[in-house]
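Analysis of the macromolecular model
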Amino acid sequence: MEYLAEIFETLTESEKRVFTYIYRHQTEASRMNIQDVAGAASVSKTVVINTCQKLGFEGFGALKYYLRNQQTSPSEAQSPKLDLLQNRIVDQVKRTLSLINPDLFLKSARSIVHSKTVYIVGRGTSKAVASYLEHMLLILGIKCINLEDYNLIGAVVENIEVNETLIVISLSGETPKALEVARIAKARNAAVISITGFTTNTLSRLADIHLYCAADSVDTKDCDTHSRIGLFIISDVLTDFVRRQKNQSVFRS
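Heads up: these notes are all about the structure in this document. (Residues numbered from 1 in each chain as written. Predicted model: local features only at pLDDT ≥ 70, side-chain atom pairs only at ≥ 80, totals over all residues. Heavy atoms only, no water.)

Side note on the pattern of salt bridges
Under the convention used in this document: Note on definitions: salt bridges are taken to be side-chain nitrogens of Lys or Arg within 4 Å of carboxyl oxygens of Asp or Glu. Under the DSSP-based scheme used, a helix requires at least four consecutive residues in state H or I and a strand at least two consecutive residues in state E, with every element numbered from the N terminus. The buried label applies to any residue whose accessible area, calculated with a 1.4 Å probe on protein chains only, is under 20% of its type's maximum; exposed applies above 50%, and partly exposed to all values in between.
One pass over the structure, following the stated rule, counts eight salt bridges. Residue Glu161 pairs with Lys116 through a salt bridge whose shortest N-O separation is 3.1 Å. On the criterion of sequence distance, the pair formed by Glu161 in the loop between helix 11 (150-157) and strand 3 (165-169) and Lys116 in the loop between helix 9 (102-113) and strand 1 (118-122) is long-range, its members being 45 residues apart. Between Asp240 and Arg244 there is a salt bridge, with its nearest N and O atoms 3.1 Å apart. Placement of the pair is Asp240 and Arg244 together in helix 14 (residues 229-252), with a separation of four residues, close to one helical turn. For Arg244, a relative accessible area of 38% corresponds to the partly exposed category.

If you want it as structure tokens, here you go:
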């Protein structure tokens, strides 16, 4: 399943629900029948088959075989060196790395390097990721501002310019303030980059460039204690692309 994020964008909304369910429940899906998966995703069996074929498999049976072969061997799963939490962290890292599309990261890096100013918005628990990304970009010499003050976010973005970039970080992709500023920036023809969990969401549809991370859950409405490890990984990868793009720009000049 290489370049999953790229494949994801070619699917219909119904197929995206199937893909999202299977991706987030790989172990369970490898043991389910096609009717169970269709019911879990609220689609027909035909949609499940179509999704599998778009992923490059002959059918659901072939996809199940693939999923079973990707699972951790029993000896690894029972290793005393790794407890349940550690396994979850490692799994989230691996799944996030599988979502990386180099073309999208390169496009994002070019937008950032050539922007007059880069603004970052992150709300709730994701504010920590926004602060981290700002710190990394500033070290690279990028003029970058993390809009932490809730009351200033709207005022600043309402004056964003066409040669500037807005990075919006939201695990759910449905945070009201994030959607509001993304719409304002789009209306003013500024570049918008979204970093969200790997699921169908409004923010990624609004953004010019959408980067995804893996997450066990993207429901952040109540008691949001979900890990942001995936968001931090995407920030690190994006920073590395920016560094390389900036170095190339220096050599060319």
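A look at helix 11
As a reminder, the rule being used: Comment: arc refers to directions from the helix axis out to C-beta atoms. Residues are treated as being in contact if the distance between any of their heavy atoms lies within 4.5 Å. Pairing of N or O atoms within 3.5 Å defines a polar contact, subject to two protein rules: one partner must be a possible hydrogen donor and the other a possible acceptor, and residues neighboring in sequence count only if both atoms are side-chain atoms.
Looking only at helix 11, the buried set comprises Ile153, Gly154 and Val157. The arc that holds the buried residues of helix 11, viewed along the axis, is 85°, so those residues lie on one side. Tucked inside the fold, the buried residues of helix 11 contact strand 1, strand 3 and helix 12 (176-187). For helix 11, the N-terminal capping position is held by Asp149, with its side-chain oxygen 2.8 Å away from the main-chain nitrogen of Asn151.

Looking at the sheet that holds strand 4 (residues 191-197)
Quick note on the threshold: The pairing criterion is simple: DSSP has to find at least two bridges between the two strands. Angles shown run from 0 to 180 degrees and are taken between the N-to-C directions of axes, each axis being a line fitted to C-alpha atoms and, for helices, limited to the stretch in contact.
Strand order across the open sheet formed by five strands is 2-1-3-4-5, with parallel pairing between neighbours. One side of each edge strand has no neighbouring strand; the edge strands of this open sheet are strand 2 (144-146) and strand 5 (209-213). Across this sheet, the average inter-strand angle for adjacent strands is 15°, counted without regard to direction. As defined by bridge partners, strand 4 adjoins strand 5 across five bridges and the pair is classed as parallel. Its bridge partner lying in strand 5, Ser194 is registered against His210. In this fold helix 12 packs onto strand 1, strand 3 and strand 4, with an angle of close to 160° to the strand it touches most, strand 3.

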